[in-house]
Amino acid sequence: MGNRRPLIAGNWKMFKTAPEAADLASRLKSLLHDLTDVDVMVAPAFTALGVVADIVKGSAIHLGGQDLFWEREGAYTGQVSAPMLKAAGCSHVIIGHSERRQYFGETNATANRKMKAALAGGLMPVLCVGESEGEREAGQTFPVVKGQLEGGLNGLDAEGLEQATVAYEPVWAIGTGKTATREQAQEVHQFIRGRIKESFGEGIANALRILYGGSVKSANIAELIAMDDIDGALVGGASLDAESFAAIARNAVRPVKDHS
Ligand code: PGA
């Protein structure tokens, strides 16, 4: 097992107006002020990035966008670019979330363009992959995840991968209260790390953080993070409440293991 620092990321989706987001961010900042062994990132709506950036500045909480467009600027009504996110205080950006794939026409090819734009713009991308319930039942989990991974990372080099994170989010576990068992998650995480090793080498594969997402709560994070290839979580619903999210971050400290 690599020596990977856990990352707990909150995806606030289309929740929280700017004043509500400011309140949540302030509460998180005070609840997490003494957390040292876990990285924390929150991704508010674009309209709240500015106020949240001001609040988390100087704290250990990192800021992320929920999506971006690959052009730097131009006549693309409604879109936000990597330089805009960067200037708003973001260090991270979520790419290829299943809700983007389901409702907004995101494909592996568009996710790939966004990955490249994020890296070129100095942002750390979090690439989301994961199978639907039907795909799992049809025994397609590994081919689907492999396709999303290869598509999303196409043309990237090891240097780019050093900045990236992968989030495995089985679609059937998102917002449903149905978490994958830690064995189900570990099996796919291990598969993802194996594909990364094949394509980019062992060093990157060992360093890459792979997050699990899908109904993560303070009650299940400890058993997930105890698995060898699970390095944190991308949290939706439970990230909207300061106490729940802070409890997840606190419970995400890896148990000490003897791997000698
Ligand atoms: P959830 O969402 O925690 O509400 O299941 C996870 C996600 O979509 O990132």
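Summary of the structure given here. (Residues numbered from 1 in each chain as written. Predicted model: local features only at pLDDT ≥ 70, side-chain atom pairs only at ≥ 80, totals over all residues. Heavy atoms only, no water.)

The next point concerns the overall build of the chain. The secondary structure content of the chain amounts to twelve helices and eight strands. Relative to a compact globule of 260 residues, whose C-alpha radius of gyration would be 18 Å, the chain shows 17 Å and is just as compact. Taken along its principal axes, the extent of the C-alpha atoms in the chain is 45 × 40 × 35 Å. Counting over 260 residues, the chain shows a buried share of 52%. Long-range contacts, defined as pairs at least 24 residues apart, comprise 73% of the intrachain contacts of the chain with a sequence gap of at least 6. When the accessible surface of the chain is split by element, carbon and sulfur atoms take 51% of a total near 11,600 Å². (Helix = DSSP H or I, 4+ residues; strand = E, 2+ residues; numbered from the N terminus. Rg over C-alpha atoms; globule rule 2.2 N^0.38 Å. Buried < 20%, exposed > 50% of the residue type's maximum accessible area, 1.4 Å probe, protein only. Contact = heavy atoms within 4.5 Å. Areas by Shrake-Rupley, 256 points an atom, 1.4 Å probe, with all protein chains shown as cover.)

This next bit is on the pairing of strand S7 (residues 209–213). Two faces belong to every sheet, and in a regular strand the side chains alternate between them. For S7, the tally of buried residues reaches five of five residues, placing the bulk of the element in the interior. Side-chain alternation along S7 places Arg209, Leu211 and Gly213 on one buried face and Ile210 and Tyr212 on a second face that is also buried. By the bridge criterion, four bridges tie strand S6 (residues 165–168) to S7 in an arrangement that is parallel. In the sheet register, Val166 faces S7, and the bridge partner there is Ile210. Where S7 and strand S8 (residues 232–235) come together, two bridges link them in parallel fashion. Residue Gly213 lies in a different strand from S8, and its bridge partner there is Leu234. (Pairing = 2+ DSSP bridges.)

With that settled, the discussion passes to the pattern of salt bridges. The tally for this structure, following the rule as stated, stands at 18 salt bridges. Ionic pairing is found between Arg5 and Asp39, a salt bridge with its closest N-O pair at 2.8 Å. Taken together, the residues span a long stretch of sequence, with Arg5 in the segment before strand S1 (7–11) and Asp39 in strand S2 (residues 39–43) at a distance of 34 residues. Using a relative accessible area of 15% as the deciding quantity, one classes Asp39 as buried. Within the structure, one salt-bridge network assembled from shared partners comprises Arg4, Arg193, Asp229, Asp231 and Arg254. (Salt bridge = Lys/Arg side-chain N within 4 Å of Asp/Glu carboxyl O.)

Among the five residues of S2, five are classified as buried, and the element is accordingly described as predominantly covered. Here S2 shows a buried face lined by Asp39, Met41 and Ala43 and a second buried face lined by Val40 and Val42. Summarising the sheet, S1 and S2 pair through five bridges and their orientation is parallel. Within S2, the residue paired with Leu7 across the bridge is Asp39.

On to the site of the ligand. Taken together, 13 residues lie around the ligand, and Lys13, His97, Glu169, Gly175 and Ser215 are the ones closest in. Within the side chain of His97, a nitrogen or oxygen atom sits 2.7 Å from an oxygen atom of the ligand. Counted by class, the shell around the ligand contains four nonpolar, seven polar and two charged residues. (Near = heavy atom within 4 Å. Polar contact = N/O pair within 3.5 Å; in protein donor to acceptor, adjacent residues only side chain to side chain. Nonpolar A, V, L, I, M, F, W, Y, C, P; charged D, E, K, R; others polar.)

Relative to each other, helix H5 (residues 108–120) and helix H7 (residues 141–153) sit at 40 degrees, their axes nearing to 7 Å. Compared by their axis directions, H5 and H7 come out oblique. By crossing handedness, the relation of H5 to H7 is classed as right-handed. Between H5 and H7, the contacting residues are Asn108, Asn112 and Met115 on the first element and Gly147, Gln148, Gly151, Gly152 and Leu153 on the second. For the contact of H5 with H7, a count of residues per class yields two nonpolar, six polar and no charged. (Axes fitted to C-alpha atoms, helices over the stretch in contact; angles between N-to-C directions. Parallel < 35°, antiparallel > 145°, perpendicular 65-115°, else oblique. Left-handed = near helix turned anticlockwise from the far one by under 90°.)

In this section: the state of the cysteines. Scanning all chains against the criterion turns up zero disulfides. As a non-bridged cysteine, Cys90 has Cys128 as the owner of its nearest cysteine sulfur, 15 Å distant. Judged by relative accessible area, which is 3%, Cys90 ranks as buried. (Disulfide = S-S within 2.5 Å.)

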